[in-house]
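Structural description and commentary
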Amino acid sequence: MMDRLRGKAIWRFGVVFLAFALVFSLAGCAAEEEPAGEPAAEEPVAEEPVEQSDLVLASTTSTQDSGLFDVLIPAFEEAYPAYKVDVIAVGTGAALEMGENKDADVLLVHAKAREEELVTNGFGEYREDVMYNDFVIVGPADDPAGVSGLTVVEALAAIADAEATFVSRGDDSGTHTAEKNLWSAAGIEPAGEWYLSAGQGMGDVLVMASETPGYTMTDRATYLNMMDDLALEMLVEGDDSLFNQYGVIPVTGAANPEGAEAFARWVTGDEGQGVIETYGVDMFGQPLFFPNAQ
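Reading guide: rules and limits
- Residues numbered from 1 in each chain as written.
- Predicted model: local features only at pLDDT ≥ 70, side-chain atom pairs only at ≥ 80, totals over all residues.
- Heavy atoms only, no water.
- Helix = DSSP H or I, 4+ residues; strand = E, 2+ residues; numbered from the N terminus.
- Buried < 20%, exposed > 50% of the residue type's maximum accessible area, 1.4 Å probe, protein only.
- Contact = heavy atoms within 4.5 Å.
- Areas by Shrake-Rupley, 256 points an atom, 1.4 Å probe, with all protein chains shown as cover.
- Core = buried A, V, L, I, M, F, W, Y, C linked by side-chain atoms within 4.5 Å.
- Salt bridge = Lys/Arg side-chain N within 4 Å of Asp/Glu carboxyl O.
- Phe/Tyr/Trp six-rings, centres within 6.5 Å; stacked < 30°, edge-to-face > 60°.
- Polar contact = N/O pair within 3.5 Å; in protein donor to acceptor, adjacent residues only side chain to side chain.
- pLDDT = per-residue confidence, 0-100.
- 1 Å grid on protein atoms, 1.4 Å probe; cavity = no way out; pocket = protein on both sides within 12 Å on 5 of 7 lines; lining within 4 Å.
- Points joined across faces, edges and corners; volume = space filled by probe spheres on them.
- Nonpolar A, V, L, I, M, F, W, Y, C, P; charged D, E, K, R; others polar.

All right, on to the overall build of the protein then. Regarding its fold elements, the protein presents twelve helices and ten strands. Looking at the protein as a whole, 45% of its 294 residues are labelled buried. Long-range contacts, defined as pairs at least 24 residues apart, comprise 75% of the intrachain contacts of the protein with a sequence gap of at least 6. Accessible surface, the protein: about 15700 Å² in total, of which carbon and sulfur atoms supply 52%.

Pasting the structure below:
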């Protein structure tokens, strides 16, 4: 009996001894292993600033005064951060001359026949449609010449007959070119004290017509963008002859040919056309320009 009890005691002692040995062994291993430290935070790598080159865009005062460039140019510069766009807003005639003199890299203008002539004469690489809107005749709310609801040719004839004040751009711009063509279609050579040749951009002419008061021809976009500050009503619209097409031309021999090509491809591509399509919708419930690049 005593031997059996002694055997059990020895067995229990052995089990306890092995358990303690195992615990101390594991503790020793843990002590030898160095705790895994947190990974060292990576130093932020400063982005190198993008080296920008100037891109000179000669365009019309209507694209500037309509507010389009306030959204179009930042969108392009975000897509192509290597280029900083310098917009020179002048009449189309002056913009085309800048192209001939290589004083601009790319043109965005609206006198299609003259644009095609520029390319034919070797001053532009090519010309592509970008967008369109239309011209309208605006004037005083009391409409002294009674042009409301007339066709544009009838309206111009009525203004001339009444010798009601008409403020012309008079600056060889795309709008001025279109206006002269319409006077010609009406068989009228406007002259006299009632016909004022301003030699100014679209925004300034609208202000002059509002203050005079008088009639003028404007692109719809610029008028809508400024109408809250003008005492002018839209009186003649919707005539097929008032169609207003814009085109882009990279200048031959431009100082920044890569930038000119990038802008032309972007403004006629999906992204640029999308910016144009949505401009004006939030403010006026309608786009101010309609993209139509092919």
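This part covers the nonpolar core. Residues Phe263 and Phe289 are the most contacted members of the largest nonpolar core, which totals 42 residues. The dominant element in this core, judged by the number of residues it contributes, is helix H10 (residues 257-267), at six residues. One finds Ala158, Ala160, Phe166 and Val236 within the second-largest nonpolar core, a separate group that totals 22 residues.

Our focus in this paragraph is the pattern of salt bridges. Under the criterion given, the structure shown has nine salt bridges. The partner of Arg127 in a salt bridge is Asp129, and the shortest N-O contact between them spans 2.7 Å. Judged by its relative accessible area of 17%, Asp129 falls in the buried class. As a salt-bridge pair, Arg265 and Glu128 come within 3.0 Å of each other at their nearest N and O atoms. Here Arg265 is found in helix H10, whereas its partner Glu128 is found in strand E4 (residues 128-139), with 137 residues between them in sequence. Judged by its relative accessible area of 23%, Glu128 falls in the partly exposed class. Within this structure, Lys112, Glu115, Arg127 and Asp129 form a network of salt bridges that share partners.

On to helix H6 (residues 152-162). Inspection of H6 places Val152, Ala155, Leu156, Ala158, Ile159 and Ala160 among the buried residues, and these make up the whole buried set. In this fold, the buried residues of H6 make contact with E4, strand E5 (166-168), helix H7 (174-185) and strand E8 (233-236). Immediately beyond the C-terminal end of H6, within one or two residues, lies Glu163, with a positive phi of roughly 50°.

Turning our attention to the packing of aromatic side chains. Applying the stated criterion across every chain, the model contains 13 aromatic pairs. Measuring from centroid to centroid gives 5.4 Å for Phe166 and Trp183, while their planes differ by 80°, and the two rings are edge-to-face. Taken together, the residues span a long stretch of sequence, with Phe166 in strand E5 and Trp183 in helix H7 at a distance of 17 residues. A single burial state applies to Phe166 and to Trp183, both of which are buried. One aromatic cluster in this structure is built from Phe76, Tyr80, Tyr83, Phe263 and Trp266.

Okay, helix H3 (residues 69-79) next. Those residues of H3 not exposed but buried are Phe69, Leu72, Ile73, Ala75, Phe76 and Glu77. At its buried positions, H3 is contacted by strand E1 (53-60), helix H2 (61-65), strand E2 (83-90), strand E3 (106-109), H10 and helix H11 (270-278).

Looking now at the environment of Thr252. Structurally, the position occupied by Thr252 is in the loop between strand E9 (243-250) and H10. Assessed through its relative accessible area of 22%, Thr252 is described here as partly exposed. Sequence-wise, Thr252 and Gly99 are 153 residues apart; in three dimensions their C-alpha atoms are separated by 8.0 Å. What Thr252 contacts, discounting residues up to four positions off in sequence, is Lys102, Gly122, Phe123, Gly124 and Glu125. A distance of 3.0 Å separates a polar atom in the side chain of Thr252 from a polar atom in the side chain of Glu125.

This part is about the confidence of the model for the protein. For the protein, per-residue confidence averages 88 on the pLDDT scale, and residues scoring 70 or more make up 83% of the total. Here residues 1-36 is modelled with pLDDT under 50, and outside its nearest four sequence neighbours on either side it reaches zero contacts, counting other chains as well.

Of the voids in this model, the largest pocket is the one considered here, and its volume is about 240 Å³. If you trace the largest pocket, you find 14 residues lining it, with His110, Ala111, Lys112, Ala178 and Asn181 closest to the centre. Breaking the lining of the largest pocket down by element, the ones donating at least two residues are helix H5 (112-120), H7 and E9. Each residue belonging to the lining of the largest pocket can be placed in one class, and the counts come to five nonpolar, seven polar and two charged.

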